[in-house]
Amino acid sequence: MELRPNGLYCAPGDFYIDPWEPVERAVITHAHPDRAHPGSRAYLTARAGESLLRAVVGPEALVEAAEYGHSLKLGGAAVSLHPAGHIPGSAQVRVEYDGEVWVVSGDYKLEPDPTCAPFEPVRCHTFLTEATYGLPIFRWPPPAETMASTHAWWRANQEAGKNSLLYANPVGKMQRIVAMLDRSIGPVEQVTGLPAPERQAGDLPRLVLAPPSLHNTPWSRQFAPASTALAAGWMRIRGTRRRRALDRGFVLSDHADWPSLLRAIDATGAETVGVTHGFRGPLVRWLEEHGRRAVAVDARFESDL
Ligand SMILES: [Zn+2]
């Protein structure tokens, strides 16, 4: 595996993993915008991620879908995809060539998520990990606890006759929240792309799930009176809620927290760990201090919400 201007390249298999420029053959870990781009000649994705990838690359693109765990020959390399637990259809890419095993994990989490298959530890010699939340301060409460706080906030708003505007990443996070909602509290509206039609006077108060980019816009103001909240790992940082002028913040992330990063890395048994994005320095240092070979990899992935 090597870093080229277009992305992470596997020479024996002649393919890229999550390339940031169009290439001949792209293996895609998941359909977030920093990973999946239109324009490549051919794509390989996990079957469970096919529809999300199609939404990004278009109906005409050449997309091959593989079941989790199914081994394919790409050139001289054996390639298989394994659940990453990040968003629906997310995959780690296992590449074996000449007795060497690499795993490129993309983004991942270990917490339960009803919308995707759980993270599967895969033994390897070299493991590529993200470090979006690669600092010891990041520790997630159990998702059930976060949902209990979310429900209490929503219920109080319903009783006060206010709408509840809950902002969340529209690819993955929003579906995860919807799957965990207690629908008995009130009506739910989900806005993933284009804003919903104009509000009518006298509409019942409701929970509206929307992308964070719609916060504090003319669109969001039509829901007044409303209480606003964001569901993200960043809400773990003191002051984030106030800086973003939100009424509430709920800690819910689709990325591994610090203990989960260490646990996932340990489970691979990898001799070498490449850290691709996020808090790379602190994680690389921690791994080195604990006897593992670790390197920062200069990939163009982003630490999304
Ligand atoms: Zn992602």
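Residues numbered from 1 in each chain as written. Predicted model: local features only at pLDDT ≥ 70, side-chain atom pairs only at ≥ 80, totals over all residues. Heavy atoms only, no water.

## Overview of the pattern of salt bridges
Consideration 1: The full count for this structure, using the stated rule, is 18 salt bridges.
Consideration 2: We note a salt bridge from R280 to D298, for which the minimum N-O separation is 3.7 Å. Here the residue R280 occupies a position in helix α7 (residues 280–289), and D298 occupies one in the segment after β18 (293–296), the gap between them amounting to 18 residues.
Consideration 3: In this structure R280 comes out as partly exposed when scored by relative accessible area, which is 23%.
Consideration 4: Among the ionic contacts, a cluster of salt bridges with common partners joins D18, D34, R35 and D107. (Salt bridge = Lys/Arg side-chain N within 4 Å of Asp/Glu carboxyl O. Helix = DSSP H or I, 4+ residues; strand = E, 2+ residues; numbered from the N terminus. Buried < 20%, exposed > 50% of the residue type's maximum accessible area, 1.4 Å probe, protein only.)

## Overview of helix α3 (residues 173–180)
Consideration 1: Within α3, the full set of buried residues consists of K173, M174, R176, I177 and V178.
Consideration 2: Contacts from the buried residues of α3 go to α2 (143–159), β12 (163–167), β13 (188–190), β14 (207–210) and β15 (226–231). (Contact = heavy atoms within 4.5 Å.)

## Brief notes about a positive patch on the surface
Consideration 1: Where like charges cluster on the molecular surface, the positive patch consists of R241, R242, R243, R244 and R248.
Consideration 2: Residue contributions to the positive patch peak at three residues, all from helix α5 (residues 240–243).
Consideration 3: Among the structural elements, R243 can be located in helix α5.
Consideration 4: We classify R243 as exposed; its relative accessible area is 62%. (Patch = residues over 30% accessible without salt bridge, like charges linked within 9 Å, V, L, I, M, F, W, Y side chains within 5 Å. Areas by Shrake-Rupley, 256 points an atom, 1.4 Å probe, with all protein chains shown as cover. Lys, Arg positive; Asp, Glu negative; His and termini not counted. Charge placed at Lys NZ, Arg CZ, Asp CG, Glu CD.)

## Focus on the domain arrangement of the protein
Interface size is commonly expressed as the accessible area that is lost once the parts come together.
Consideration 1: Parsing the protein into structural domains produces domain 1 (2–137 + 255–296) and domain 2 (143–250).
Consideration 2: For domain 1 versus domain 2, the distance between C-alpha centres works out to 31 Å.
Consideration 3: On the side of domain 2, eleven residues touch domain 1, which itself brings 15 residues to the contact.
Consideration 4: Across the domain 1/domain 2 interface, buried area totals approximately 1000 Å², and carbon plus sulfur atoms make up 70% of it.
Consideration 5: Linking domain 1 to domain 2 there are one salt bridge.
Consideration 6: Of the charged contacts in the structure, one is a salt bridge between D113 and R176, with a shortest N-O distance of 3.8 Å.
Consideration 7: Applying the counting criterion to the domain 1 and domain 2 interface returns three residue pairs in polar contact (both at pLDDT 80 or more).
Consideration 8: Among the residues making up the side of domain 1 that touches domain 2, the classes are represented as nine nonpolar, three polar and three charged. (Domains from an automatic or database assignment. Buried area = accessible area lost by both parts, 1.4 Å probe. Polar contact = N/O pair within 3.5 Å; in protein donor to acceptor, adjacent residues only side chain to side chain. Nonpolar A, V, L, I, M, F, W, Y, C, P; charged D, E, K, R; others polar.)

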